[in-house]
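For reference, the chains in residue letters:
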Amino acid sequence: IGGVTIARNDVVRDDDPTNNVPDSIFSKLGMQLHRRDKHPIGIIKNGIYEYFDSNYAKKFEKFEDLSPIVSTKQNFDDVLVPADHVSRSLNDTYYVDPQTVLRCHTSAHQAELLRKGHRRFLVTGDVYRRDSIDATHYPVFHQMEGFCIFSPEDWNDSGIDSTLYAAEDLKKCLEGLARHLFGAVEMRWVDTYFPFTNPSFELEIYFKEDWLEVLGCGVTEQVILKQSGLDNNVAWAFGLGLERLAMVLFDIPDIRLFWSSDERFTSQFGKGELGVKFKPFSKYPPCYKDISFWISDSFTENNFCDVVRGIAGDLVEEVKLIDNFTNKKGMTSHCYRIVFRSMERSLTDEEVNDLQSKVRDEVQRKLNVELR
Ligand code: PHE
């Protein structure tokens, strides 16, 4: 990875019961799509750099090669994620061992960079989350974290208090960024909650007849600054989802395409070309397969999705719960519809039947469910 090499043993430990990193995820470590100048993720990263370089006299430092393997302290404790927060669960996060995770956000580096004396920075990297499967969700994606500190002389003359000052500067900055990337685009701010910022906001952009969340941000909790001796300062932070932005900007309909090495995809993008619209090279037919089973208490949809992805890889487009009922004996049945579709070719019946039969075997073997 850039300078670091990651071995399978560093992340996939077959003997550690806490370890829930499948090989399909291991294979993504080190790909660093954000460092490829002709890849949509790299192009958008460079476009954002350009905005910050040309609009801010005081430079933002850039980090894009920090290891995605971080401690639970970095990923959670340092950014005040409560002990009982869902994001800490094995269901949501990839654990290497009880103290080590694949970062689920670039915020994992905030505190460490502050402690090292950095004050304004952009951190770009691959982040990992266990999630359901559809066109805008993929268990690996890329984020850019922005962080900016202010001192009393910055807000003293403004006549407003420091928190409000930071919040206004933040929104102005991100609206400017959206205009730099998209020109005219419909956007809206939504109030939200993050453990590490207050107030907190999300920016949504109108895309394909729906509002798409593209970033989270807010005014940094004072405790985080205090830990680095910055009691008299105030700061803002944001975390941008680069795939989401790139989908809107380049008109990319499916998040799996970012991982495609098909030349019909890769050849459409050039270094520094922010405006091009992706021309779909054809939509191959989907193939639907249903699977029903009685679940047990330990069943989760994310575990099911990892099994499906482990077998079908990027040939799976969507996994949807289409039926859910509990019988008189208290047994609960789920029926999932799996949509198989390749971005690159037509799948044969035989191939899909084979995938589905492997899914059935593996689901029964690994998930403690009873097939119906
Ligand atoms: N880390 C948050 C996420 O991944 C985004 C965020 C970053 C929010 C910085 C606020 C400040 O969802």
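Quick note: structure is the one above.
Residues numbered from 1 in each chain as written. Predicted model: local features only at pLDDT ≥ 70, side-chain atom pairs only at ≥ 80, totals over all residues. Heavy atoms only, no water.

(A) Just the site of the ligand, in detail. The ligand sits among 13 residues. The nearest are His-105, Ser-107, Arg-129, Gln-143 and Gly-239. For the ligand, a nitrogen atom lies 3.1 Å from a polar atom in the side chain of His-105. Between the ligand and Gln-143, the relevant distance is 2.9 Å, taken from an oxygen atom to a side-chain nitrogen or oxygen of the residue. In isolation the ligand exposes 320 Å². Once the protein is present, 92% of that is buried. Among the elements of the structure, β6 (140-150), β9 (210-220) and β10 (234-241) are those that each provide at least two residues to the shell around the ligand. Of the residues forming the shell around the ligand, the biggest block, 3 residues, is contributed by β10. The residue inventory of the shell around the ligand, partitioned by class, reads 5 nonpolar, 6 polar and 2 charged. (Near = heavy atom within 4 Å. Polar contact = N/O pair within 3.5 Å; in protein donor to acceptor, adjacent residues only side chain to side chain. Areas by Shrake-Rupley, 256 points an atom, 1.4 Å probe, with all protein chains shown as cover. Helix = DSSP H or I, 4+ residues; strand = E, 2+ residues; numbered from the N terminus. Nonpolar A, V, L, I, M, F, W, Y, C, P; charged D, E, K, R; others polar.)

(B) Molecular detail of the sheet that holds strand β3 (residues 95-97). With respect to topology, 3 strands assemble into an open sheet ordered β2-β4-β3, the strand pairing being antiparallel. Taken across any chain shown, the strands that pair with only one partner, and hence form the sheet edges, are β2 (69-71) and β3. Averaged over all pairs of adjacent strands, the angle between their axes in this sheet comes to 35°, without regard to strand direction. (Pairing = 2+ DSSP bridges. Axes fitted to C-alpha atoms, helices over the stretch in contact; angles between N-to-C directions.)

(C) Representation of the environment of Asp-349 in the model. Secondary-structure assignment places Asp-349 in helix α12 (residues 349-367). In sequence terms Asp-349 and Glu-317 are 32 residues apart; their C-alpha atoms lie 16 Å from each other.

(D) Spotlight on the pairing of β6. Summarising burial for β6: 11 of the 11 residues are buried, a large majority. Here β6 runs beside β10; their pairing, made up of 8 bridges, is antiparallel. Its bridge partner being in β10, Glu-145 is matched across the sheet by Gly-239. (Buried < 20%, exposed > 50% of the residue type's maximum accessible area, 1.4 Å probe, protein only.)

Purely geometric numbers; function is a separate question.
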